[in-house]
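Spelled out from the first residue to the last, the chains are:
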Amino acid sequence: MKWSADWAPEPAAIKTATRLLTTIDGKLPKPGTATRGYWPNVLFAWPRQEIEVETFASHCELYQFRDGNLLAPDIPSFKPTRVGVGPLLKAFGQR
């Protein structure tokens, strides 16, 4: 991914994003988009599934939508590890 020098995610968030992509490789489709989030983090989106994941320095947050509306007020937080990505795998399995 290439980032604008004046609007790049922080290096630790990029490291988390890379780890997440490595962990889900072969288990889930690649994200449709990867952008910088509101904070200096990485935001992955799977538009067709209405799923977004924000990756921060220490964790990831899962956002699920239906018809553009956030499904739940509680945002699951998870680690980008084999065991930690369970909420993301479950989100794809429910679709």
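Look up: the structure comes first, before these words.
So, how was this worked out
- Residues numbered from 1 in each chain as written.
- Predicted model: local features only at pLDDT ≥ 70, side-chain atom pairs only at ≥ 80, totals over all residues.
- Heavy atoms only, no water.
- Helix = DSSP H or I, 4+ residues; strand = E, 2+ residues; numbered from the N terminus.
- Contact = heavy atoms within 4.5 Å.
- Polar contact = N/O pair within 3.5 Å; in protein donor to acceptor, adjacent residues only side chain to side chain.
- Phe/Tyr/Trp six-rings, centres within 6.5 Å; stacked < 30°, edge-to-face > 60°.
- Buried < 20%, exposed > 50% of the residue type's maximum accessible area, 1.4 Å probe, protein only.
- Pairing = 2+ DSSP bridges.

(A) Quick peek at the environment of His59. With respect to the element layout, His59 can be found in the loop between strand S3 (51–55) and strand S4 (60–66). Between the alpha carbons of His59 and Ala17 there is a distance of 9.3 Å; along the sequence they are 42 residues apart. Not counting the four nearest positions on each side in its chain, His59 is found in contact with Thr16, Glu54, Ser77 and Phe78. Here Glu61 takes part through its side chain, which lies 3.3 Å from a polar atom of the side chain of His59.

(B) Region of the structure containing the packing of aromatic side chains. Taken as a whole and judged by the stated rule, the model has two aromatic pairs. A ring pair is formed by Tyr38 and Trp39, whose centres lie 5.0 Å apart and whose planes are at 85 degrees; its orientation type is edge-to-face. Look at Tyr38 and you get exposed, because its relative accessible area is 68%. Measuring from centroid to centroid gives 5.4 Å for Trp46 and Phe92, while their planes differ by 85 degrees, and the two rings are edge-to-face. With a gap of 46 residues between them, Trp46 in strand S2 (residues 42–46) and Phe92 in helix H2 (residues 86–93) connect regions that are remote in the sequence.

(C) Fine view of the pairing of S2. Among the five residues that make up S2, five are buried, leaving the element largely enclosed by the rest of the structure. The alternating pattern of S2 places Val42, Phe44 and Trp46 and Leu43 and Ala45 on opposite faces, both of which are buried. As paired strands, strand S1 (residues 33–36) and S2 are joined by four bridges and run antiparallel to one another. Along S2, the bridge assignment pairs Thr35 with Leu43. Hairpin connection, S1 to S2: the antiparallel pair is bridged by five residues. Both S2 and S3 contribute to a ladder of five bridges, which runs antiparallel. Paired with Val42 across the two strands is Thr55, which belongs to S3. Linking S2 to S3, which pair antiparallel, is a turn of four residues; within it Glu50 sits at a positive phi near 55 degrees.

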